[in-house]
Amino acid sequence: MGNEAGLSASEVGALYERYGFFLRRRCRMVLRDDALADDVLHESFLKIMRGGAELRNVEHPLRWLYCVVDRCCFDHIRKRSHLPKSMDVPDPVGPHPGIQIETRDAILTILEELDDEERRIAMLAFVDGLSQAEIAEELGWSRVTINKKVQAIRTRADRILTEAAGSTRGVP
Amino acid sequence: MNDHPPNDRMEAVAAGDRDPGVEAHLASCEPCRAYVARLEDAALDFRQKEGTGGVFLARLEAAVSRTAPKSRRANRWATAVYVGAPLLAAAAALVLWVRAPGWHPTERPGSLSSMRLKGVIGLAVIRERDGSQERFTGEVSVRAGDRLLAEVDLDRPLPIAGGMLGSNGEWVTLFSPTLLVPGLHFSDQAVRFDDRPTEGWVIVGDAGAVERARLTQSFDDVVAIQVRVTFE
């Protein structure tokens, strides 16, 4: 099953056993749809099986895998006009202690409005909690560029949060 | 952004990766330690449900073989002619070795080895509960009022039958014996659990193998997913 560019079935099986939960959780968080999350996870592993040989040499395998999974999620976001606003069953684990859940959820809601570059930055900044310096290093851009983009994304998320707060106040 | 390590590195540690920087942070940060512990618990639960991931892998392999270019498939057959015999001999030797006395396989029905035995049949069950659906590829738990459907993924035309075999021997058909084309299929019938649900197995395979599994409760020649009862 394996080829030069890809991974063998046993390697993929080991990855699934070790990281499957985390990758599915990521898909679920971004897409807010269990069935779609399963499909995207399957599709991501197909890509990994066919062309994931590079993974053998990366320092942080999970970050590399998240990159693949995120791209597959973004493909589906582009194809679908609307995703559910929230999950029927919330994530039982809860958020990373350093992440503001309201901001993160607002960012996830506006992913559909962002381009792929902004989505990648949004995920690294507001979901993974990387600093701007770490994002700049990860993506190979200047810190100033990252700072501008993060601020622009945050402004859009703040608008969503303000609107949400307004609509909540309007509820009798 | 904050004083905690990035989320992906904490999750990697929860997955079992080594990261001295994160581990040092965890030693002194209670919220992060609690977060990683919750992740570990949830990951363990996922692994218990998924088993060895055999069904997931089988579906992947089916998809890979379905989408392989035809020329590659032809080459594969040509290669098989040249290398098939020695490989078969090696496989036979391996089977003899693992079946030797003293070796006790502990894999559950439906795990990787039993999946590959039948070529590639991907089996999952869909549980309907309180108006929502959830898909399982490992063990599934049910309670009164739940419904179960079967989902079968094939990479080649196969005559398929399937249903749920209760631990008391009761049988409910999900797939009447029929020839299914490659692709994803959902059972046209469902199992509904009354107020006294029965444990058992959802099994799928060719009609003869399913019949034998029903009689013997041995699932070597079929794909199976265990159904457990919970009383929540």
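Residues numbered from 1 in each chain as written. Chains lettered and ligands numbered in written order. Predicted model: local features only at pLDDT ≥ 70, side-chain atom pairs only at ≥ 80, totals over all residues.

A. Structural detail: the overall build of chain B. In terms of helices and strands, chain B carries 7 helices and 10 strands. The 232 residues of chain B split such that 34% are buried. Contacts in chain B between residues far apart in sequence, at least 24 positions, make up 65% of those at least 6 positions apart. (Helix = DSSP H or I, 4+ residues; strand = E, 2+ residues; numbered from the N terminus. Buried ≥ 20, exposed ≤ 12 C-beta atoms within 10 Å, placed from the backbone. Contact = placed C-beta atoms within 7 Å.)

B. Local environment of unusual backbone geometry. Within the chain, Arg-32 of chain A stands out as a residue other than glycine whose phi angle is a positive 55 degrees. The backbone of Gln-217 of chain B shows a phi angle near 55 degrees, a positive value even though the residue is not glycine. Structurally, Gln-217 of chain B is set in the loop between helix H7 (207-216) and strand E10 (223-229). Gln-217 of chain B sits in the partly exposed class, given 15 other C-beta atoms within 10 Å.

C. Quick look at the packing of helix H3 (residues 61-79) of chain A against helix H1 (residues 7-15) of chain B. Running from N to C, H3 of chain A and H1 of chain B cross one another at 115 degrees; their axes reach a closest spacing of 8 Å. With respect to each other, H3 of chain A and H1 of chain B are oriented roughly perpendicular. Where H3 of chain A crosses over H1 of chain B, the handedness of that crossing is right-handed. Of the residues in H1 of chain B, those in contact with Leu-62, Arg-63 and Tyr-66 of chain A of H3 of chain A are Asp-8, Glu-11, Ala-12 and Ala-15 of chain B. Tallied by class, residues from the contact of H3 of chain A with H1 of chain B come to 4 nonpolar, no polar and 3 charged. (Axes fitted to C-alpha atoms, helices over the stretch in contact; angles between N-to-C directions. Parallel < 35°, antiparallel > 145°, perpendicular 65-115°, else oblique. Left-handed = near helix turned anticlockwise from the far one by under 90°. Nonpolar A, V, L, I, M, F, W, Y, C, P; charged D, E, K, R; others polar.)

D. Inspection of the sheet that holds E10 of chain B at higher detail. Residues and elements named next belong to chain B. The 5 strands lie next to each other as E3-E10-E9-E5-E6, forming an open sheet whose pairing is mixed. The open sheet is flanked by strand E3 (140-142) and strand E6 (171-180), the only strands paired with a single partner. Strand-to-strand, the axes of this sheet are offset by a mean angle of 15 degrees, without reference to chain direction. Here strand E5 (residues 158-166) pairs with strand E9 (residues 200-205) via 6 bridges, running antiparallel. (Pairing = 2+ DSSP bridges.)

E. Geometry of the confidence of the model for chain A. Summing up the model confidence of chain A, the mean pLDDT is 86 and the portion of residues at 70 or higher is 90%. Summarising per-element confidence for chain A, the mean pLDDT is lowest in helix H7 (residues 143-169) of chain A (84) and highest in helix H5 (residues 116-127) of chain A (93). (pLDDT = per-residue confidence, 0-100.)

F. Highlighting the interface of chain A and chain B. Every contact between the two is made by 36 residues of chain A and, on the other side, 35 residues of chain B. By residue number, the principal contributor to the side of chain A that touches chain B is helix H1 (residues 9-31) of chain A, which donates 10 residues. For the side of chain A that touches chain B, a count of residues per class yields 19 nonpolar, 9 polar and 8 charged.

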